[in-house]
Amino acid sequence: MKTLQMGEREVPVLGQGTWNMGEQASRRQHEVRALQLGLDQGVTLIDTAEMYGEGGAEEVVGEAISGRRDEAFIVSKVYPHNASFEGAQQACERSLRRLKTDCIDLYLLHWQGHHPLAETFDAFETLKQAGKIKAYGVSNFDLENMEEALTYGAPATNQVLYNLSKRGIEFDLLPWARERQIPVMAYSPLETSGREQAVLLNHPGLKAVADAHNVTPAQIALAWVLHQDGVIAIPKAVDPVHLRANRAAADIVLSSDDLAALDRAFPPPRRRRPLDMR
Ligand code: NAP
């Protein structure tokens, strides 16, 4: 699988999301097994957050990586309201306990809140010095936020909403990040679920490319995100069929005709737009 340099580690461009995990005891073992199946397939980057299931998703991750911590690259996120100098350090300690590990590979500010960014980054640097995190970054930052962030520190990534239906970052943020070799982590690469996902996956333009490759529309949607330079995609999947399909999508090679057809179906942005968020 294609890899990218993230801080000091090389990571696969396909990872696994965990939003909506850790919310129901009855689903927990399915979720643990799903993350383990992902690890078995080399999908070793796992994205979570203290917000997901109010810590429940981190516990699911902790169980999934038990005995195989070294295989995994763990990304977690601090709530903005916890991102003061002391608060971020305390939140990180709580996440480490739930994840049952002594170090988070990449720790992100989930979105910008009222605590000054300089203070949050000071906390992240302190956590890094103490060996509690290996690298830090941000999420849901637009171009101005990123420019400000670079004056206070060196975020290893910006995790943002990006998929065929939500291409706004291609106008400014993505080229800016590429120039600076800051990988972008694409969340909701399949539009999460519900109506928006149905609109994306039932689009005739996407279906035509999928039919030509004899794969599903979701696989082409994911392969398209993975095709983008400097981008990591973190789909969430609990269904083993979805997990295998997503791993296979990382091997799909899109031709220039496929890419042109997808551009016609989902036109790239022609002007600057506010950052899409979920
Ligand atoms: P997503 O990954 O785009 O979509 C997840 C949904 O798609 C699930 O219902 C899943 O079903 C289904 N799915 C997965 N693979 C599929 C396939 N091959 N075919 C058909 N359906 C498939 O949405 P997301 O969970 O919003 O985003 C991914 C991750 O990004 C999150 O889990 C989270 O870690 C992160 N995230 C970050 C932020 C942020 O603010 N930083 C915001 C949103 C999300 P099953 O689970 O049933 O398999």
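Residues numbered from 1 in each chain as written. Predicted model: local features only at pLDDT ≥ 70, side-chain atom pairs only at ≥ 80, totals over all residues. Heavy atoms only, no water.

Colleague: Can you help me understand the environment of Ala156 in this one?
Modeller: Position of Ala156 relative to the elements: it lies in the loop between α5 (143-152) and β8 (158-161). Residues Ala156 and Lys2, 154 residues apart in the sequence, show an inter-C-alpha distance of 18 Å. Excluding residues that lie within four positions of it along the chain, Ala156 makes contacts with Met6, Gly7, Leu106, Ala135, Tyr136, Gly137, Ile182 and Pro183. (Helix = DSSP H or I, 4+ residues; strand = E, 2+ residues; numbered from the N terminus. Contact = heavy atoms within 4.5 Å.)

Colleague: Explanation requested: α5 in the structure shown.
Modeller: For an α-helix the count is 3.6 residues per turn, leaving residues at separations of three or four pointing the same way. All of the buried residues along α5 are Leu143, Asn145, Met146 and Ala149. In an axial view of α5, the angular spread of the buried residues amounts to 155°, which keeps them on one side of the axis. For α5, the elements touching its buried residues are α4 (117-129), β7 (133-139), β8 and α6 (173-179). Its side-chain oxygen 3.2 Å from the backbone nitrogen of Glu144, Asp142 forms the N-cap of α5. (Buried < 20%, exposed > 50% of the residue type's maximum accessible area, 1.4 Å probe, protein only. Arc of directions from axis to C-beta. Polar contact = N/O pair within 3.5 Å; in protein donor to acceptor, adjacent residues only side chain to side chain.)

Colleague: Explanation requested: the packing of helix α1 (residues 28-40) against helix α2 (residues 56-64) in the structure shown.
Modeller: Two numbers describe a pair of packed helices, the interaxial angle and the distance between the axes. α2 packs onto α1 with a crossing angle of 55° between their chain directions and a minimal axis gap of 9 Å. As summarised for this structure, α1 and α2 are arranged oblique, according to the angle between their axes. As α1 runs across α2, the sense of the crossing is right-handed. Between α1, through Arg28, Gln29, Glu31, Val32, Leu35, Gln36 and Leu39, and α2, the contact on the second element is made entirely by Glu59, Val60, Val61, Glu63 and Ala64. Looking at side-chain class alone, the contact of α1 with α2 contains six nonpolar, two polar and four charged residues. (Axes fitted to C-alpha atoms, helices over the stretch in contact; angles between N-to-C directions. Parallel < 35°, antiparallel > 145°, perpendicular 65-115°, else oblique. Left-handed = near helix turned anticlockwise from the far one by under 90°. Nonpolar A, V, L, I, M, F, W, Y, C, P; charged D, E, K, R; others polar.)

Colleague: Even after reading the chapter, I still don't get the pattern of salt bridges, so can you show me in this structure?
Modeller: Opposite charge on two side chains lets them pair, provided their charged atoms get close. Under the defined criterion, the tally for this structure stands at 21 salt bridges. One salt bridge in this structure joins Glu31 and Arg27, with 3.3 Å as the shortest N-O distance. Within this structure, Arg9, Arg69, Asp105 and Lys134 form a network of salt bridges that share partners. (Salt bridge = Lys/Arg side-chain N within 4 Å of Asp/Glu carboxyl O.)

Colleague: Quick question: what am I supposed to make of the environment of Trp224 here?
Modeller: Residue position: Trp224 is located in helix α9 (residues 217-227). Looking at Trp224, the relative accessible area reads 1%, which means it is buried. In contact with Trp224, other than residues within four places in its own chain, are Tyr162, Asn163, Leu164, Arg167, Glu170, Leu254, Leu259 and Leu262.

Colleague: Which parts of the structure should I look at to understand the site of the ligand?
Modeller: Around the ligand lies a shell of 27 residues, among which Asp47, Leu190, Thr192, His242 and Asn246 are the nearest. At a separation of 2.6 Å, an oxygen atom of the ligand approaches a polar side-chain atom of Asp47. Isolated, the ligand exposes 910 Å² of accessible area, and the fraction of that covered by the protein chains is 89%. At three residues, helix α10 (residues 240-249) tops the list of elements feeding residues into the shell around the ligand. Across the shell around the ligand, the residue classes tally to 11 nonpolar, 11 polar and five charged. (Near = heavy atom within 4 Å. Areas by Shrake-Rupley, 256 points an atom, 1.4 Å probe, with all protein chains shown as cover.)

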